[in-house]
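Secondary and tertiary structure notes
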Amino acid sequence: MTGTSETRRADGRDRDAEGRARNARPRDGLGRPLPYGEAGVERAPEGVVRRPGETVTEAQTLLDAGRPFHAHEVFEDAWKSGPADERGLWRGLAQLAVGLTHAARGNATGGARLLRRGAGTVEEWTSATGRPRPYDLDLAEITRWAGGLAAVVERDGGRVDAAEASPRLRGRTV
């Protein structure tokens with residue numbers, strides 16, 4: 001188990017403390033389930049309510065470490081717990097992280113699709129709200145990154161290094 005409140009029941013099903021289905025298998029750095037008993041990477045705890053700036057910082061740390069699947073979970077927490085008018089922003093960022101996850105796993109088709117879908121979601125949110133830099137996020141640069149990476153993934157069809165290919169959420173620093 002991963003040190004969370006997940007348990008494996010006698011019927012072989014993983015459940016959380018409330019009895020909801022929850023996969024307790026360890027995972028690798030790209031979120032793929034490993035066999036029970038193998039060492040995996042520490043999972044991002046689910047259901048954590050963070051301030052928006054903390055969400056961005058935590059997600060960037062995970063992206064920089066080549067763990068976009070885990071960054072997606074951080075964005076998903078913000079999507080589910082944040083204000084309704086920001087759900088599109090966090091959902092789009094979660095989709096981008098999943099797109100990078102698929103590209104890093106070698107799934108060129110799924111990776112490119114999710115990168116483009118996430119970019120579209122972020123662009124739609126930006127257009128609807130008129131907020132191009134919420135929480136110091138550089139949304140224009142993020143969507144350019146997503147489109148560029150989607151094109152590379154489609155052209156090359158191979159795996160990308162998740163850490164090397166990850167975006168700078170707050171733009172490049174000099």
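Residues numbered from 1 in each chain as written. Predicted model: local features only at pLDDT ≥ 70, side-chain atom pairs only at ≥ 80, totals over all residues. Heavy atoms only, no water.

This part is about the overall build of the chain. For the chain, the count of helices and strands is six helices and two strands. When its helices and strands are written in sequence order, the chain yields β-β-α-α-α-α-α-α. Classification of the 174 residues of the chain by burial places 47% in the buried group. A sequence separation of at least 24 residues applies to 57% of the contacts in the chain between residues at least 6 apart. Here the chain displays about 8,900 Å² of accessible surface, and carbon together with sulfur accounts for 48% of that area. (Helix = DSSP H or I, 4+ residues; strand = E, 2+ residues; numbered from the N terminus. Buried < 20%, exposed > 50% of the residue type's maximum accessible area, 1.4 Å probe, protein only. Contact = heavy atoms within 4.5 Å. Areas by Shrake-Rupley, 256 points an atom, 1.4 Å probe, with all protein chains shown as cover.)

Ranked by internal contacts, the top residues of the largest apolar core, which has 37 residues, are F75, L93, L96, L137, L149, V160 and L169. Secondary structure elements with two or more residues in this core: α1 (52-64), α2 (68-81), α3 (87-105), α4 (108-129), α5 (139-156) and α6 (162-165). Here the element with the most residues in this core is α3; it accounts for nine residues. F75 has contacts with T55, A59, W90, L93, A94, A97 and L169, leaving out every residue within four places of it along the chain. (Core = buried A, V, L, I, M, F, W, Y, C linked by side-chain atoms within 4.5 Å.)

This brings us to the pattern of salt bridges. Following the criterion strictly, the structure yields ten salt bridges and no others. The closest approach of N and O atoms between E86 and R131, which form a salt bridge, is 3.4 Å. Of this pair, E86 sits in the loop between α2 and α3 while R131 sits in the loop between α4 and α5; the two residues are 45 residues apart in sequence, bridging distant segments of the chain. Look at the salt bridges and you will find they share partners, linking R133, D136 and D138 into a network. (Salt bridge = Lys/Arg side-chain N within 4 Å of Asp/Glu carboxyl O.)

Moving on: unusual backbone geometry. Of note, Y135 is a non-glycine position whose phi angle comes to about 55°, a positive value. Looking at the secondary structure, you find Y135 in the loop between α4 and α5. The exposure class assigned to Y135 is partly exposed, which follows from its relative accessible area of 29%. In this model, D136 sits at a positive phi of 65°, which is unusual for a non-glycine residue. By the element assignment, D136 lies in the loop between α4 and α5.

Within the element layout of this structure, D161 appears in the loop between α5 and α6. Residues D161 and T101 lie 60 residues apart in sequence; the distance between their C-alpha atoms is 9.7 Å. A polar contact of 3.0 Å, which involves the side chain of D161, links it to the backbone nitrogen of A163. Here E164 takes part through its backbone nitrogen, which lies 2.8 Å from a polar atom of the side chain of D161. (Polar contact = N/O pair within 3.5 Å; in protein donor to acceptor, adjacent residues only side chain to side chain.)

Turning to the environment of G171, a few remarks are in order. Inspection of the secondary structure puts G171 in the segment after α6. Relative accessible area serves as the criterion here: at 8%, G171 is assigned to the buried category. On a C-alpha basis, the gap between G171 and A140 in space is 9.4 Å, while along the polypeptide they are 31 residues apart.

The predicted model of the chain averages 88 in pLDDT, with 85% of residues at 70 or higher. Segment residues 1-5: pLDDT under 50, and eleven contacts once partners within four positions in sequence are set aside and those in other chains are kept. (pLDDT = per-residue confidence, 0-100.)

Across the interface, α1 lies against α2 with an axial gap of 7 Å and an inter-helix angle of 165°. In this view, α1 runs roughly antiparallel relative to α2, as classed from their interaxial angle. Note that α1 runs across α2; the crossing there is left-handed. On α2, the residues touching T55, E58, A59, L62 and L63 of α1 are P68, H70, A71, V74, F75 and A78. Split by residue class, the contact of α1 with α2 holds eight nonpolar, two polar and one charged. (Axes fitted to C-alpha atoms, helices over the stretch in contact; angles between N-to-C directions. Parallel < 35°, antiparallel > 145°, perpendicular 65-115°, else oblique. Left-handed = near helix turned anticlockwise from the far one by under 90°. Nonpolar A, V, L, I, M, F, W, Y, C, P; charged D, E, K, R; others polar.)

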